[in-house]
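Next come the chains, spelled out residue by residue.
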Amino acid sequence: MTPSPADRLVRTRRKSGRTTGHPLPRTEFAALRRQLDDLHAGTGAAVALAGEPGIGKTTLISALAAQGRAHTLTVVAATGRTGTGPPVVVGTEPTLVLLDDVHLLDTAHRDQMQLLIELTTTAPVLLVLAYRDRQLSRGAAAVLSRAAARGQLTQHRLGPLDLGQTRELLGDRPDLTRLHAEGDGNPLYLQLLAAADTEAMTDAHLILLGELAELADRELRVAQAAAVLRTPGSAELLAAVAELDVTETLSALDTLTELDLMRPVQLLPRFAFRHDVVRRFVYAQIGPSQRLAAHRRVETELLARGAPVIQRAHHIARALDTGRPEQLPVLIDAARSTMHDAPADALEWLESALQVLPEGDDRWYEAQVLALRAQLLRGGRCDVQQLVHTFLPRAVRIPGGDFSSTMAVAVRVRRIQGRHAEASVLIREGLAALRGTHPCAPSTAVAMHTELAALALDRLDQEAARLNAREAATIARQHGDRLGEAAAVAQMAMAHLLAADSDAADRAADIAADLVDTTPDSSVVTNLPALYLVGATEDALHRFTEAQRHLSRGADEARRTGQRFILPAILTSLGAVELQRGLLDRAGRTLEEAAELLEPEGTSTARASVAALLALVRYWRDSDREAAAVIALGDQALALVRDQGPAEDAIVPCLLADLLIKVAEPERGRRLILDALGGPEMPRIAPPNRSRWYEALSTAALRMGDTRDASRWVDLAEASVRNLSVSRQGFLMRARMRLYAARGETSPALADAEQAVECFAGRGLDLDLCRTMAAAGTVLVDAGRTDDARAWLGRAAALAEQCGSARLVDRVRRQQSRLVPDTSTRGGDPLAVLTERERQIADLVSRGMTSVEVAHGLFLSVRTVDTHLGRIYRKLGVSNRASLARAMLRSHPTALAGEPR
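About the thresholds
Residues numbered from 1 in each chain as written. Predicted model: local features only at pLDDT ≥ 70, side-chain atom pairs only at ≥ 80, totals over all residues. Heavy atoms only, no water. Salt bridge = Lys/Arg side-chain N within 4 Å of Asp/Glu carboxyl O. Buried < 20%, exposed > 50% of the residue type's maximum accessible area, 1.4 Å probe, protein only. Pairing = 2+ DSSP bridges. Helix = DSSP H or I, 4+ residues; strand = E, 2+ residues; numbered from the N terminus. Axes fitted to C-alpha atoms, helices over the stretch in contact; angles between N-to-C directions. Expected span 1.5 Å × (residues − 1). Contact = heavy atoms within 4.5 Å. Lys, Arg positive; Asp, Glu negative; His and termini not counted. Polar contact = N/O pair within 3.5 Å; in protein donor to acceptor, adjacent residues only side chain to side chain. Core = buried A, V, L, I, M, F, W, Y, C linked by side-chain atoms within 4.5 Å.

**Q** Quick question: what am I supposed to make of the pattern of salt bridges here?
**A** Here the idea is simple: oppositely charged side chains can pair when their charged atoms come close. Tallying each qualifying case throughout the model produces 54 salt bridges. Between Glu-301 and Arg-305 there is a salt bridge; the shortest N-O distance is 3.3 Å. Note that Arg-477 is salt-bridged to Glu-485, the shortest N-O span being 2.9 Å. Classification of Arg-477 by relative accessible area gives partly exposed; the value is 47%. Taken together, the salt bridges that share partners define one network made up of Arg-173, Asp-175, Arg-178, Glu-182, Asp-276, Arg-279 and Arg-280.

Quick look at the structure:
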């Protein structure tokens with residue numbers, strides 16, 4: 001088929017459009033830059049770049065061409081798409097040859113490619129080949145495989161962009177994390193997703209238009225049929241929708257798979273697009289009337305095949321036939337069935353039904369209540385008072401399960417969002433009226449009593465929380481509601497903790513964890529708040545490993561199903577757990593995702609909590625130079641809750657106060673804690689949580705030089721931890737350590753430090769464990785106990801590296817620099833601070849080897865080598881490879897003699 005001028009324009013733009021503004025694959029580009037240097041010196045090489053469509057192969061080739069020209073090299077570029085084949089290279093001048101789209105190279109030119117590869121072994125030619133490996137012909141694959149086996153070809157497979165590179169590509173936008181996940185880090189798909197809310201034609205659109213322009217009519221019809229189907233379809237179903245016979249459809253599918261537009265999936269012979277972004281793009285190119293007709297053909301076929309209502313509903317909603325009233329119950333039933341698995345789909349189907357249902361019809365009321373529940377689950381804005389004042393009087397016309405379940409969801413959402421007053425009103429007014437018109441469903445009663453327990457816990461009312469949680473657990477157990485029971489028992493654990501009964505709290509938490517662990521994901525999604533409550537309870541009990549597991553599971557299911565109402569709360573709790581476990585990078589990513597979700601509609605208190613936690617993450621993760629920026633973030637968090645009232649969220653001011661005390665503003669931090677918690681007795685916070693803040697107040701007093709005041713706070717901390725878990729006693733022990741140290745009493749300070757370490761290590765509080773060891777090391781340095789200090793600081797340094805805390809690394813390094821050099825090992829060798837692996841890597845790097853070369857030689861990843869290298873730099877006090885080489889030479893003057901550099 002001869003391409004039209006428009007087609008040729010599209011195909012030209014298809015390749016040129018990927019050369020600007022794209023982040024480059026760092027590792028591969030660095031390796032190619034080094035090979036350019038070798039080429040300039042007269043050494044050739046052959047390199048293959050493979051990867052998914054749109055992953056950045058052409059971008060990398062274009063950047064390399066620019067580098068080659070900057071090196072004044074001869075640059076020859078060609079593409080397999082033109083049909084002219086690889087260029088013929090002659091002469092002795094260093095030449096960079098770039099051959100893109102090798103998968104399109106015809107058989108006649110394959111030998112030329114092989115000759116070029118062989119030429120790189122004897123001539124100054126750097127050959128770079130780029131291709132889509134799924135579309136590579138067997139012959140071309142054989143040529144490349146033989147060359148690689150002979151050592152003539154280095155192969156790289158380009159991977160997806162990381163989140164930072166996605167930010168570089170798209171800019172810092174609020175939906176960045178979602179786009180990165182949805183686009184799988186592929187630059188082409190990311191640009192299409194980012195442009196989805198505009199009508200502008202981008203280069204990414206033109207790339208896919210170029211792929212579609214290559215299709216004959218038959219292949220295009222099958223591709224459009226697959227786009228309408230949405231889910232993987234069989235050849236028979238695709239044939240019916242495309243109005244082709246099966247033989248024609250199979251032939252078209254062969255072509256589509258060869259072009260890698262579609263791929264076979266699953267064990268059955270079904271076919272889907274290579275990525276859903278491609279499917280959506282193809283769907284968008286179909287005309288409105290064609291879409292309508294195609295959806296109706298799909299629905300007819302699915303009905304004839306006895307497909308479930310959920311499969312039919314998607315197509316009915318897009319092509320509702322008012323002459324077929326039997327379709328409306330399908331939409332409502334399907335929405336009810338998929339409410340928790342895909343609330344966005346449920347809402348779309350209900351809105352389609354509501355467009356044709358007459359207001360006042362029984363089905364209209366039913367659809368309205370279900371639509372409200374779907375909207376709540378999605379986390380969207382909606383007027384829940386409408387549920388009570390508009391629909392409650394007509395509840396007799398609405399299925400009881402639908403109405404009461406929607407009531408329960410409304411209460412949960414409002415309480416989780418921090419709108420406690422609205423949640424209380426809904427429980428009081430809604431349940432009172434509901435009992436007069438409808439039997440209350442057991443699951444609704446369980447949910448309501450559990451929420452009453454949660455509200456009581458927020459008021460620190462232990463007795464009311466215990467009674468409501470017990471009632472919820474009893475009802476749930478009687479009706480086999482395992483998730484409802486898990487949520488209620490978790491609230492009972494919190495009530496026990498509030499009463500300072502740690503043993504009872506742990507027993508209840510064990511029961512709750514077992515209930516959710518033995519419940520499959522398909523059931524868990526019907527009550528994700530139960531999983532959240534279990535994880536949050538474990539967090540409160542300092543069972544951080546279990547909390548991380550349950551909260552991570554909840555986050556995964558909330559993302560998968562689109563239940564956005566619960567996701568910010570889960571992510572906030574998960575981020576706090578990861579912070580306490582010392583997983584600083586992971587905590588930062590988790591909290592940034594939570595902040596992104598809360599940005600449009602989150603309450604001030606929720607956004608403030610995330611901002612305060614992020615400030616703490618960045619404080620520990622970054623160096624001392626970043627303190628001002630961290631405090632500014634903390635001040636923003638404080639401003640968000642300043643007008644909410646002192647009882648609305650006490651933890652945000654306390655978190656900021658903790659930061660202020662650390663960065664030499666102890667008096668301001670002290671005032672914030674006492675104002676937020678209601679004075680020295682801290683009546684606005686649960687007793688188990690007081691020891692942490694008494695320690696902060698004691699630290700503030702010591703920073704102000706008032707040991708008597710510090711001693712008072714230590715005494716209060718000691719009283720607050722009686723009957724509590726050992727992890728909470730760690731805060732007391734560390735406060736006492738600092739107090740003894742301030743008095744110059746080193747031995748009791750060290751004894752308390754050891755007890756604090758035992759408390760924190762037993763529950764996974766790695767960040768506090770590292771802080772304690774670093775503080776103890778400082779005490780020992782001040783006391784002149786060098787050997788003991790070296791041991792404590794060595795352990796702290798290793799853990800600080802593991803946590804990814806630049807601040808703690810710097811802090812430990814400063815204390816280590818005060819130590820007298822240890823000459824007791826290796827004859828005074830300054831490299832004694834390195835591990836065997838670090839010495840091995842330092843030696844190879846000092847000999848001029850790159851990280852890639854070291855990684856290949858030691859069978860490590862490049863990232864692992866670079867991580868070790870960073871630790872080597874810090875331990876030896878050097879900043880780059882050259883200074884490392886000098887340090888190695890000073891240590892062993894003959895070690896590198898005669899070795900190439």
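Back to the write-up after that little detour.
**Q** Help me understand the sheet that holds strand β8 (residues 270-273), please; the structure alone is not making it clear to me.
**A** Strand pairing in a sheet relies on backbone hydrogen bonds. The paired strands run either parallel or antiparallel. What the three strands build is an open sheet, ordered β6-β8-β7; its pairing is antiparallel. Bordering the open sheet on either side are β6 (233-234) and β7 (262-265), each of which pairs with just one other strand. With four bridges connecting them, β7 and β8 associate as antiparallel partners. Bridge pairing in β8 links Pro-264 to Phe-271.

**Q** Any chance you could explain the sheet that holds strand β4 (residues 125-131) here in plain terms?
**A** Ordered in space as β2-β3-β4-β1-β5, the five strands form an open sheet in which the pairing is parallel. Lying at the two open borders of the sheet, with one neighbouring strand each, are β2 (74-79) and β5 (154-157). The sheet shows a mean angle of 15 degrees between the axes of neighbouring strands, direction not considered. Strand direction decides the pairing type here: strand β1 (residues 45-50) and β4, joined by six bridges, are parallel.

**Q** Looking at this model, I keep getting lost on helix α40 (residues 786-803). Mind explaining?
**A** Helical geometry note: an α-helix holds 3.6 residues per turn, so side chains three or four residues apart project in the same direction. Across its 18 residues, α40 extends 25 Å between first and last C-alpha, which sits within 8% of the 26 Å expected from 1.5 Å per residue. Of all the positions in α40, only Ala-789, Trp-792, Leu-793, Ala-796, Leu-799, Ala-800, Glu-801 and Cys-803 are classed as buried. If you follow the buried residues of α40, they end up packed against α30 (584-598), α38 (746-761), α39 (766-782), α41 (806-817) and α44 (862-876).

**Q** For this particular structure, what's the right way to read the side chain of Glu-538?
**A** Mapped onto the elements of the fold, Glu-538 is located in helix α27 (residues 528-540). Buried charged residue Glu-538 carries no salt bridge. Nearest counter-charge: Arg-543, at 4.7 Å. Of note is the side chain of Glu-538, whose polar atom sits 3.4 Å from the backbone nitrogen of Ala-547. Side chain to side chain, Glu-538 and His-550 meet in a polar contact 2.7 Å long. Sequence-distant contacts of Glu-538, that is, excluding residues within four places in its chain, are made with Ala-513, Arg-543, Glu-546, Ala-547 and His-550.

**Q** Quick question: what am I supposed to make of the nonpolar core here?
**A** What tends to happen in soluble globular proteins is that the nonpolar side chains get buried as a cluster. Within the largest apolar cluster, 167 residues are counted, with the highest numbers of intra-cluster contacts made by Ile-673 and Trp-693. The element contributing the most residues to this core is helix α31 (residues 604-621), with eleven residues. Here Trp-693 is in contact with Ile-651, Cys-654, Leu-655, Asp-658, Ile-673, Leu-677, Met-682 and Ile-685, once residues within four sequence places are set aside.

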